[in-house]
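Structural overview for review
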Amino acid sequence: ALPICKERPDCLDIVLAKEAEHCFQNKRYLESAKCYALTQNYFEEIALKFIEAKQEEALMEFLLKKLDLLKTSEKIQATLLITWLTELYLNQLGLLQSDSTKRSLYVEKRDEFRNFLNRSKNKECLFNNRTSIHDLLASHGDTEHMVHFAVLMQDYDRVVSHHCQHDDYEEALNVLSKHNDRKST
């Protein structure tokens, strides 16, 4: 049915929604999330489906796909999605970090999160909402990512302050030195 509907958006939406529902019913949640993200179905309704089914990975896939499909003018929606995804990543990282048997999964998820933070499409939103994102990182006690995020946002005062609070004066001087080198070039 998909090839037939390619030229008719209304028909395509119906077919994609049916495909997404079929995948969901057959517990193929990631495929379902990808299809649902392409439909005009109510965002909240779909998100709740994945939450109620306790399918966090599928929810994240859905949110990531929706984020990719946003227009640059849809800044409020981008802020909502980026903040929600940050919260979900931090929850997963916290769970994985507390389980020493899942170290490789933690590293994989950490890299995925850092790639998410580094995406050029997300940078402006992250920068404009850096205080909220930093507060979110702090609420999870995730100092590793607080420092990483501060460096990404070029918030060197926060990075230096962090190192000084932890009596790592050499690293604080190192950051100051690198930052001053960049300023003078």
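Everything that follows concerns the structure shown earlier in this document.
Quick notes on the rules
Residues numbered from 1 in each chain as written. Predicted model: local features only at pLDDT ≥ 70, side-chain atom pairs only at ≥ 80, totals over all residues. Heavy atoms only, no water. Helix = DSSP H or I, 4+ residues; strand = E, 2+ residues; numbered from the N terminus. Rg over C-alpha atoms; globule rule 2.2 N^0.38 Å. Buried < 20%, exposed > 50% of the residue type's maximum accessible area, 1.4 Å probe, protein only. Contact = heavy atoms within 4.5 Å. Areas by Shrake-Rupley, 256 points an atom, 1.4 Å probe, with all protein chains shown as cover. 1 Å grid on protein atoms, 1.4 Å probe; cavity = no way out; pocket = protein on both sides within 12 Å on 5 of 7 lines; lining within 4 Å. Points joined across faces, edges and corners; volume = space filled by probe spheres on them. Nonpolar A, V, L, I, M, F, W, Y, C, P; charged D, E, K, R; others polar. Salt bridge = Lys/Arg side-chain N within 4 Å of Asp/Glu carboxyl O. Phe/Tyr/Trp six-rings, centres within 6.5 Å; stacked < 30°, edge-to-face > 60°. Lys NZ or Arg CZ within 6 Å of the ring centre and 35° of its normal.

1. Some details on the overall build of the protein
Summing up its helical and strand segments, the protein has 12 helices and 0 strands in all. Counting helices and strands in the order they occur from the N terminus, the protein gives α-α-α-α-α-α-α-α-α-α-α-α. The C-alpha radius of gyration of the protein comes to 20 Å, more than 25% above the 16 Å expected for a compact globule of 185 residues. Dimensions of the protein along its principal axes, counting C-alpha atoms only, are 65 × 40 × 25 Å. Every one of the 185 residues in the protein was classed for burial, and the buried ones make up 38%. At a minimum sequence separation of 6, the contacts of the protein that also span at least 24 residues come to 51%. Of the roughly 11,500 Å² of accessible surface on the protein, 53% is carried by carbon and sulfur atoms.

2. Description of unusual backbone geometry
One non-glycine residue with positive phi stands out, namely Lys27, at about 60°. Note that Lys27 resides in the loop between α2 (9–25) and α3 (29–37). Since its relative accessible area comes to 60%, Lys27 is described here as exposed. At Gln154, a residue that is not glycine, the phi angle is positive and equals roughly 55°. With respect to the element layout, Gln154 can be found in the loop between α10 (143–152) and α11 (156–165).

3. Concerning empty space enclosed by the protein
Counted according to the given criterion, the structure contains 1 cavity of 30 Å³ or more. Considered as a void within the structure, the largest cavity measures approximately 40 Å³ in volume. Lining the largest cavity we find Arg130, His134, Phe149, Ala150, Met153, Asp155 and Arg158. Elements represented by at least two residues in the lining of the largest cavity include exactly α9 (130–139) and α10. Of the residues assigned to the lining of the largest cavity, the class counts are 3 nonpolar, 1 polar and 3 charged.

4. As for the pattern of salt bridges
Applying the stated criterion across every chain yields a total of 12 salt bridges. Notably, a salt bridge pairs Arg110 with Asp111, separated by 3.3 Å at the nearest N-O pair. With relative accessibility at 17%, the residue Arg110 sits in the buried group. For Asp111, a relative accessible area of 34% puts it in the partly exposed group. The salt bridge partner of Glu144 is Arg114, with a shortest N-O separation of 2.8 Å. Highlighted residues: Glu144 in helix α10 and Arg114 in helix α7 (residues 103–118), separated in sequence by 30 residues. With a relative accessible area of 30%, Glu144 lands in the partly exposed category. When salt bridges that share partners are traced, they join Arg110, Asp111, Arg114 and Glu144 into one network.

5. A short note on the packing of aromatic side chains
Across all of its chains, the model carries 8 aromatic pairs by this definition. Pairing Tyr36 with Phe50 gives two aromatic rings, centres 6.3 Å apart and planes at 80°, and the pair type is edge-to-face. With a gap of 14 residues between them, Tyr36 in helix α3 and Phe50 in helix α4 (residues 43–52) connect regions that are remote in the sequence. Of the two residues, Tyr36 and Phe50, neither departs from the other in class, the shared state being buried. Linked through ring pairs, Phe24, Tyr29, Tyr36, Phe43, Phe50, Phe62 and Trp84 together constitute an aromatic cluster. The ring of Phe127 carries the charged tip of Arg130 above its face, separated from the ring centre by 3.9 Å.

Read these as layout, nothing more, since geometry by itself doesn't imply function.
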